[in-house]
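Fold and geometry: a report
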Number of protein chains: 2
Amino acid sequence: MKRVLVTGASGFVGRHALAPLAARGFEVHTAGRTACPAAIWHESDLLAPGEAERVMAEVKPSHLLHLAWDATPGSYWTSDDNLRWTATSLALLLAFQQQGGSRAVMAGTCAEYDWSHEVLSETATPLRPRLLYGTCKDALRRAAESFCAQHGVSFAWGRLFYLYGPGEKTGRLVPLVVNTLSEGRELAFSEGRLERDFLHTADAGDAFAALLDSDVSGAVNIASGETVTLRSVVERLAAALGKSNLVRFGARPEPVGEPLRLAADVTRLRGEVAWTPTRTLEAGLADVLKTEITKAKS
Amino acid sequence: MKRVLVTGASGFVGRHALAPLAARGFEVHTAGRTACPAAIWHESDLLAPGEAERVMAEVKPSHLLHLAWDATPGSYWTSDDNLRWTATSLALLLAFQQQGGSRAVMAGTCAEYDWSHEVLSETATPLRPRLLYGTCKDALRRAAESFCAQHGVSFAWGRLFYLYGPGEKTGRLVPLVVNTLSEGRELAFSEGRLERDFLHTADAGDAFAALLDSDVSGAVNIASGETVTLRSVVERLAAALGKSNLVRFGARPEPVGEPLRLAADVTRLRGEVAWTPTRTLEAGLADVLKTEITKAKS
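Here is what the cut-offs are and how they apply
- Residues numbered from 1 in each chain as written.
- Chains lettered and ligands numbered in written order.
- Predicted model: local features only at pLDDT ≥ 70, side-chain atom pairs only at ≥ 80, totals over all residues.
- Heavy atoms only, no water.
- Least-squares fit on C-alpha atoms with pLDDT ≥ 70 in both.
- Contact = heavy atoms within 4.5 Å.
- 1 Å grid on protein atoms, 1.4 Å probe; cavity = no way out; pocket = protein on both sides within 12 Å on 5 of 7 lines; lining within 4 Å.
- Points joined across faces, edges and corners; volume = space filled by probe spheres on them.
- Helix = DSSP H or I, 4+ residues; strand = E, 2+ residues; numbered from the N terminus.
- Pairing = 2+ DSSP bridges.
- Axes fitted to C-alpha atoms, helices over the stretch in contact; angles between N-to-C directions.
- Expected span 1.5 Å × (residues − 1).
- Buried < 20%, exposed > 50% of the residue type's maximum accessible area, 1.4 Å probe, protein only.

**What about the relation of the copies chain B and chain A?**
One copy of the chain maps onto the second through a rotation about an axis and a displacement along it. The transform that puts chain B on chain A rotates by 180° and translates by 0.0 Å along the axis, for an RMSD of 0.0 Å. Both copies of the chain, as the preceding transformation shows, are related through a two-fold rotation axis. The residues that chain B uses at the interface reappear at the interface of chain A in 96% of cases, marking a shared surface.

Right, here's the structure in full:
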């Protein structure tokens, strides 16, 4: 039987991984502070001393999908929790291996790459994280990959790019645009020239389920494979809300030090994991708007 | 006042750092399972959950010298304790910064480097650890350096090369030779062609004290700067014991997969830390023999 322990299961991506995992025949267990529907919940603050080991002994999973990390908009780049999650992730992995686990997948980030490159590839792009978040993820991957190789535990590392989806935290791009415009306020924006790869969180969750259920090892970019400008994202949202007149492009400068284009090479994801997203950006943004507008009305 | 917390203080290197630290005006505290002379001991199993934080709150040091790690001959290369010490080191560093610590030095290893290079330099040699030990040390350095830079904590990383000294654990080169020959047994050895940089542990401890007491940051090789063949080390020990006739060079093959020469670039250690060893290899080996022979007689 395939039994998976999912951490970060109530999070932005994790909540969308549970149904795809169940559909693939996994018995789904979650560990965290919040219960999730249709999964067996093991209440735990994984950052508390000894908790990773306790939960692992309780669940004894064959598979581990470790998504939990600090993701507070803005502060997560430099949060001290990056150190805590690195340490906890190592404890979790060690306990997983010791009780007989066979395959682990963890969430990495495009911020591990050298952003002076436009197209970020697992096999060709150097790693050069700039801030603590990317550095700790990179450090964790190095240690985890070596440990798993040594013990014959199958291991993959899914590098997430830019995400959007329902329930996104305030302060991120999509909620900023939607909230400002739906309240009838003006949106002062840059020219929106930056190009990024956006993936709906439901697709990201599904991709992690597919990656876990495969035997692909090493780093795998989890992304749509297409870049769009921030301007086009804002334009689509504004048009759908009928508020295009409230957007002021160029009212703010482009962010300093941000690379113009960050594209994901998805050769491994498409070729080896055999996964592609099911949502176009249009459909994905429409889905988010529906959720946000329903929420605003309720 | 300069107050240092030393971990691994009863270890092979740590025991030799305490007197030099005191001589440099540090109030010396140690944390570990064993008390050390002339230091204030805080009994602790640092790998136990919550202990790093508890000890740090108790000592509130301005300086941290973190040497503790698994060093069991042979098994430390792949020991699960590499993961535990990585996690504990991050917890220790976080607690150190949070209570106001200003400078931290940790022990790294020449095994972080790409050993296809003959001369290992902090600034020029790529990092490419082969086994879990070097990988975990490298991962820790990456995370710790980023965290310290972000918080304005001064940080250095002393990469140790090959060490010898009194009290060396059975299974390592010098005790193997001394024990075999002083018991009158034949020593079956390879041709001893490998060239390594050997440093006496008393010099290594003194170098760490000097590094901690400096404001040099980043990785610094801790080594003598000279390589010798293993053959010459064995020959010196055998001659000093009057047992040269018992050594059979070439009776074993050279170890497989070991690079012929690993030299340390000590430009940073000599130029920036302004430190050089006080012992020649001859004097250092004589010191070890005196200790071992005294021990054997008692």
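**A look at empty space enclosed by the protein**
Overall, the coordinates contain 1 cavity of 30 Å³ or more when judged by the stated rule. Within this model, the largest cavity holds a volume of roughly 40 Å³. Thr86(A), Leu90(A), Ala139(A), Leu140(A), Ala143(A), Thr86(B), Leu90(B), Ala139(B), Leu140(B) and Ala143(B) are the residues that line the largest cavity. The set of elements that each furnish at least two residues to the lining of the largest cavity consists of helix 3 (81–98) and helix 4 (132–151) of chain A together with helix 3 (81–98) and helix 4 (132–151) of chain B.

**With respect to the sheet that holds strand 10 (residues 195–200) of chain A**
All names here are of chain A. Spatially, 3 strands are ordered 8-10-12 in an open sheet, and the strand pairing comes out mixed. On the outer flanks of this sheet lie strand 8 (162–164) and strand 12 (227–229), each paired with one strand and no other. Taken over all neighbouring pairs, the strand axes of this sheet differ in orientation by 55° on average, direction set aside. Each of strand 8 and strand 10 is contacted by helix 6 (residues 201–212), which is oriented at about 75° to strand 10, the strand it contacts most.

**Observations concerning the sheet that holds strand 2 (residues 27–32) of chain A**
All names here are of chain A. Here we have 7 strands laid out as an open sheet, ordered 3-2-1-4-5-7-11, and parallel in their pairing. Each of the sheet's edge strands pairs with one partner strand only, and the pair in question is strand 3 (40–43) and strand 11 (218–222). Here the average twist between neighbouring strands, direction ignored, is 20°. As defined by bridge partners, strand 7 (residues 154–160) adjoins strand 11 across 5 bridges and the pair is classed as parallel. Residue pairing across strands places Ala-156 opposite Gly-218, the latter belonging to strand 11. Of the strands in this sheet, strand 1 (3–7), strand 4 (63–66) and strand 5 (103–109) touch helix 3, which is tilted by about 175° from strand 4. Packed onto the sheet, helix 6 meets strand 1, strand 4, strand 5, strand 7 and strand 11 and runs at close to 145° relative to strand 5.

**Some details on helix 7 (residues 230–241) of chain A**
All names here are of chain A. Helix length check: helix 7 (12 residues) gives 17 Å between terminal C-alpha atoms against 16 Å at 1.5 Å per residue, within 8%. Along helix 7, the residues classified as buried are Leu-230, Ser-232, Val-233, Val-234, Leu-237, Ala-238 and Leu-241. Of the residues one or two after helix 7, Gly-242 is the one with positive phi, at around 65°.

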